[in-house]
Amino acid sequence: MVRSGEKVLSNVVFSQIATHQPYGGVVPELASREHLRAIVPVVRKALSEAGQTYESVDAIAVTQGPGLAGALLVGLSYAKALAYALEKPLIAVNHLEGHIHAVLLEERQKGNHEVNFPVLALVVSGGHTHLYLAEQKGEIWSYENVGHTRDDAAGEAFDKVAKLLGLGYPGGPVIDRLSAHGDPKAVRFAISQIKHPDRKTRGQAEDGRARFDFSYSGIKTAVLRYVETHSMASAIEGRRKALAAIAKPKLEDYLALCEPETRNLVASFQRAMVEDLVEKTLAAADYFNAATLFVTGGVAANNELRIRFEEAAAQQGLPVFFPSRPLSTDNAAMIAAAAYPKWLVKEFAPMDFSAEANLPLRKV
Ligand code: KG4
Ligand code: ZN
């Protein structure tokens, strides 16, 4: 629950990580079932933690997409039922817009209400590595996509690399912590391994402006090659089994199970990912004369990513903002925050609107 787009009254997160962990990634069927199981108690808890009732809320915000269709449908059906029964307005929000507004929510909570436009926002998560140029028209925000990944999202690369090294799911947080104990210069990933087909010409939009696209499936293959050429398979299998036997592995467990070669590989992978994200994003900021940079989404929780972005943006004289870690990964408060400008202009959703698994974030 969020008040006026600037104060989190409660933010209940029902984590499904334990459900999907044995499969090494999200299983869509299980995700829908878990949503169905959790939605009523989660909303009840959010109300009680905020000291509110169903009747005292002003409006109900819900994610329309993008995301897994089954999970979206659960949220949408429940939100519609609530709005109908309580006679409250319903506000449809794009998940990516939610990630962007998590940054604003964070800043407003700190008392900072100033934002200089245009804002360049990097949304970097398990499903997206997207760059948006954002403007404000009255209360309403308008977004133009100026770059995205051609294949894997950055978070997906973290997850796949962790999986292939026997480190479990999700990969980002483990790689983040392990990297601090490895040498990021040990393994060189050639820049050609993080390429996209027209990297030499840099992509171009129809209007002739540059595009800033990413590609992270090559680096995952490079890690796989390294594992093969360095005969790491049996050590990985041993680690996978040992970690599966520990209910909640701690950093010490990971360290005990990762010899220097693996730690160095992980640290080098993370360094390559971070450098590419920072370099492309800052090049786009420069090209579009961005006044402010937002970095958000699950991967924005990464320590090295934050430090590198702060250093590089400072050199370019560009203010950079991140959400706090709990607001970086998926959460409901960001959806309520993104709904607030729509509430102000009464942009309400009709009762018959539907979920869109590939909903784009558009210019208005
Ligand atoms: O935004 P999010 O919670 O869900 C999506 O919308 O995808 O992002 C989840 C992704 C996962 O791929 C996860 O491995 C990654 O964010 N992630 C991280 C970190 N924490 C989560 N990646 C790198 N470093 C982290 N500390
Ligand atoms: Zn997300």
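Throughout what follows, the structure given in this document is the object of discussion. For clarity, every value in this text was computed on a predicted model and none was experimentally measured.

## A short note on the sheet that holds strand 7 (residues 140–148)
No. 1: Strand order in the open sheet formed by five strands is 7-6-5-8-9, with mixed pairing between adjacent strands. Only two strands of the sheet have a single partner each, and these edge strands are strand 7 and strand 9 (320–321).
No. 2: Direction of pairing for strand 5 (residues 119–124) relative to strand 6 (residues 129–137): antiparallel, over a ladder of six bridges. Bridged to V123 within strand 6 is H130.

## Comments concerning the coordination of the zinc ion (ligand 2)
No. 1: Taken together, H95 (NE2), H99 (NE2) and D330 (OD) make up the protein donors of the zinc ion (ligand 2), found 2.0 to 2.2 Å from the metal.
No. 2: Given four donor atoms and angles of 96 to 146 degrees at the metal, the environment of the zinc ion (ligand 2) is assigned as irregular.
No. 3: Taken in chain order, the donor set of the zinc ion (ligand 2) reads H-x3-H-x230-D. Taken together, the residues span a long stretch of sequence, with H95 in helix 4 (residues 95–109) and D330 in the loop between helix 12 (325–328) and helix 13 (333–344) at a distance of 235 residues.

## Digging into the packing of aromatic side chains
No. 1: Considering all chains together, one arrives at nine aromatic pairs under this definition.
No. 2: With centroids separated by 4.9 Å and ring planes inclined at 85 degrees, the aromatic side chains of Y287 and F288 adopt a geometry described as edge-to-face.
No. 3: According to the relative accessible area criterion, F288 is buried, its value standing at 10%.
No. 4: When the ring centre of F353 is taken as origin, the NZ or CZ atom of K80, which lies over that ring, is 5.2 Å away.
No. 5: Directly above the aromatic system of W343 lies the positively charged group of K346, at a separation of 5.8 Å from the ring centroid.

What counts, and where the lines are drawn
- Residues numbered from 1 in each chain as written.
- Chains lettered and ligands numbered in written order.
- Predicted model: local features only at pLDDT ≥ 70, side-chain atom pairs only at ≥ 80, totals over all residues.
- Heavy atoms only, no water.
- Pairing = 2+ DSSP bridges.
- Helix = DSSP H or I, 4+ residues; strand = E, 2+ residues; numbered from the N terminus.
- Donors = N, O, S within 2.8 Å, 3.2 Å for Na, K, Ca; no water.
- Tetrahedral: all angles 85-135°; square planar, octahedral: opposite > 155°, others 65-115°.
- Phe/Tyr/Trp six-rings, centres within 6.5 Å; stacked < 30°, edge-to-face > 60°.
- Buried < 20%, exposed > 50% of the residue type's maximum accessible area, 1.4 Å probe, protein only.
- Lys NZ or Arg CZ within 6 Å of the ring centre and 35° of its normal.

Keep in mind these values describe shape, not function.
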